[in-house]
Amino acid sequence: MVVVAMAAAAPVFRTPPSSRRSAVAATADALAAGIFLGAGLIHMLPDSAQGYWTYGASYPWPFVICGATIMGLALLERLAWGSGRSAAPALAAAIALAAHSFLAGAALGATSRQAAILVLFLALIAHKGAASFSLAQILTDSSLSRRKAMIVQSAFVVALPLGVVLGAVATRQEQAWPLVKPTILALGAGTFLHFGMQRHRTTAQALGIAQQLAPWCGFALMTLIAIVD
C-alpha cells in the first residue's frame, strides 16, 4: 500500500507547481473516459438487455434507449452553446449537466456489481468536480444574479444523489416494476457512453503518454471487473 501511494504521488511531486493541477486533472479526465466507456458498454448495456430479455421483450429497447440518451444529451449540450451574458445558455448548460448527473446517479444506484460501483463512484467524483467548476464559471459569466446562480448550482449538486436514490428504490421494487431497473441501466449506459466519448474527444489531442494510456487503463479496469465481479 505504501509503494502504491508513493507511486501515485510521485508524478505530482515531479510536476512543476504551475502545471501540476492541469497535468493531474488531464490524466484523471482521460482515465475517467475509459471507465465511463467500459461501464456503459461492458456493464450497464448488457445488464439492461438481459433484464429486458428476461421479461420477454424481443425488441432491442435497451439499445434504442441508450442511443436516444446519447443523442438527447448531445442536443442539450448544443442548446447550451451561446454567446454574451444571456441567461438562457447558462440555464441550458445547467439543465444539461443536471440531466447528466441525475441519469448517472440513477444508473449508479441501480448497479448491483459492488466493484463497479466503487470505481464508478470515484470516477464520478472527479467528473462532478470538473463539471461543477465549469458550471459555476458559466453561471457567474451570465446575466443571472448571484443568488439565482447559487440556486441553479445547488440544483445541479443535488441531481446526482437524487438519481442514486431513484436507482436504489427502483432496484428494491424490481418485482413490482420489472422493467424499471433495465430502463435505468439503459439510460445510464447512454449517459456514460456520452461521458466517455465527450471526455475522450477532449483528451484525444493530449501529447503526454499518461493521457494517451489513461483511457485504455480505465477501459481495461472495467473489463477486468466484469470478469472477476
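Residues numbered from 1 in each chain as written. Predicted model: local features only at pLDDT ≥ 70, side-chain atom pairs only at ≥ 80, totals over all residues. Heavy atoms only, no water.

Engineer: Help me understand the overall build of the protein, please; the structure alone is not making it clear to me.
Structural biologist: What the protein contains, in helices and strands, is eight helices and zero strands. Listed N to C, the secondary structure of the protein is α-α-α-α-α-α-α-α in terms of helices and strands. In the protein, buried positions account for 40% of the 229 residues. Of the contacts formed within the protein by residues at least 6 apart in sequence, a portion of 80% connects residues at least 24 apart. Counting only carbon and sulfur atoms, one obtains 71% of the accessible surface of the protein, whose full area is about 12600 Å². (Helix = DSSP H or I, 4+ residues; strand = E, 2+ residues; numbered from the N terminus. Buried < 20%, exposed > 50% of the residue type's maximum accessible area, 1.4 Å probe, protein only. Contact = heavy atoms within 4.5 Å. Areas by Shrake-Rupley, 256 points an atom, 1.4 Å probe, with all protein chains shown as cover.)

Engineer: Got a minute to help me understand the nonpolar core in this structure?
Structural biologist: One broad rule of soluble globular proteins: the nonpolar side chains tend to lie buried together. Within the largest apolar cluster, 28 residues are counted, with the highest numbers of intra-cluster contacts made by Phe36, Met44, Leu120, Leu124, Phe192 and Met222. Per-element tally for this core: the top contributor is helix α2 (residues 17-54), with seven residues. Of all hydrophobic cores here, the second largest spans ten residues; its members include Ala90, Ala94, Leu97 and Phe156. (Core = buried A, V, L, I, M, F, W, Y, C linked by side-chain atoms within 4.5 Å.)

Engineer: Before we go on, may I ask you to explain the UniProt feature "transmembrane region" (unreviewed entry) in the protein in this structure?
Structural biologist: What UniProt calls "transmembrane region" (unreviewed entry) maps, in this numbering, to residues 23-45, 57-76, 88-109, 115-139, 151-170, 176-195 and 207-228. Split by type, residues 57-76 is 80% helix and 0% strand. Its first and last C-alpha atoms lie 30 Å apart. End-to-end, the C-alpha atoms of residues 176-195 are 31 Å apart, and along that stretch the chain is 80% helix and 0% strand. (UniProt positions renumbered as here; feature names shortened; annotations may be inferred.)

Engineer: Any chance you could explain the packing of aromatic side chains here in plain terms?
Structural biologist: For any pair of aromatic rings, the description rests on two quantities: the centre-to-centre distance and the angle between the ring planes. The full count for this structure, using the stated rule, is four aromatic pairs. For the ring pair Phe36 and Phe195, a centre distance of 5.2 Å and an interplane angle of 50 degrees mean the geometry is tilted. Placement of Phe36 in helix α2 and of Phe195 in helix α7 (residues 180-203) is noted, with a sequence separation of 159 residues between them. Neither Phe36 nor Phe195 differs from the other in exposure class; each is buried. Put simply, the rings of Phe36, Phe192 and Phe195 pair up and form one aromatic cluster. (Phe/Tyr/Trp six-rings, centres within 6.5 Å; stacked < 30°, edge-to-face > 60°.)

Engineer: Before we go on, may I ask you to explain the side chain of Lys181 in this structure?
Structural biologist: When you line up the elements, Lys181 lands in helix α7. In this structure Lys181 touches Ala110, Ser112, Thr171 and Glu174, once residues within four positions along its chain are discounted.

Engineer: Can you help me understand a nonpolar patch on the surface in this one?
Structural biologist: A contiguous nonpolar surface patch, about 400 Å² in accessible area, is contributed by Phe102, Val157, Val158, Leu162 and Leu166. Of all the elements, helix α6 (residues 146-172) adds the most residues to the nonpolar patch, at four residues. Along the chain, the position of Leu166 falls in helix α6. (Patch = residues over 30% accessible without salt bridge, like charges linked within 9 Å, V, L, I, M, F, W, Y side chains within 5 Å. Salt bridge = Lys/Arg side-chain N within 4 Å of Asp/Glu carboxyl O.)

Engineer: Any chance you could explain helix α3 (residues 61-79) here in plain terms?
Structural biologist: Three or four residues apart is the spacing at which side chains of an α-helix point the same way, because the helix has 3.6 residues per turn. For α3, with 19 residues, the first-to-last C-alpha span of 26 Å sits near the 27 Å given by 1.5 Å per residue. Within α3, burial applies to Pro62, Ile65, Cys66, Thr69, Leu73, Ala74 and Glu77. Down the axis of α3, the sector holding all buried residues measures 165 degrees, keeping them to one side. α3 presents Met71, Arg78 and Leu79 as exposed residues on the side facing more than 90 degrees away from its buried surface. (Expected span 1.5 Å × (residues − 1). Arc of directions from axis to C-beta.)

Engineer: Got a minute to help me understand the environment of Gly196 in this structure?
Structural biologist: Assignment of secondary structure puts Gly196 in helix α7. Linking Gly196 and Ala33, residues 163 residues apart in sequence, is a C-alpha distance of 4.1 Å. If we skip the residues at most four places from it in the chain, Gly196 touches Ala33, Phe36 and Leu37.

Engineer: So what exactly am I meant to see when it comes to the confidence of the model for the protein here?
Structural biologist: When pLDDT drops low, the exact placement of atoms in the prediction is not to be read closely. Taken over all residues, the pLDDT of the protein has a mean of 78, while the share at 70 or more is 80%. Within the protein, α3 carries the highest mean pLDDT (89), whereas helix α1 (residues 2-14) carries the lowest (32). Across residues 1-21, where pLDDT falls below 50, the model places four contacts with residues more than four positions away in sequence or in other chains. (pLDDT = per-residue confidence, 0-100.)

Engineer: Mind showing me how you'd approach the side chain of Thr111 here?
Structural biologist: Turning to its location among the elements, Thr111 is positioned in the loop between α4 (87-110) and α5 (114-141). Here Thr111 falls in the buried class, since its relative accessible area comes to 12%. Once residues lying within four places of it in the same chain are set aside, the contact partners of Thr111 are Met44, Ile117 and Leu185.

Engineer: Looking at this model, I keep getting lost on the environment of Leu97. Mind explaining?
Structural biologist: Secondary-structure assignment places Leu97 in helix α4. Placed 24 residues apart in sequence, Leu97 and Leu73 show a C-alpha to C-alpha distance of 8.9 Å. Contacts of Leu97, omitting those with residues within four sequence positions, involve Ala131, Leu135 and Phe156.

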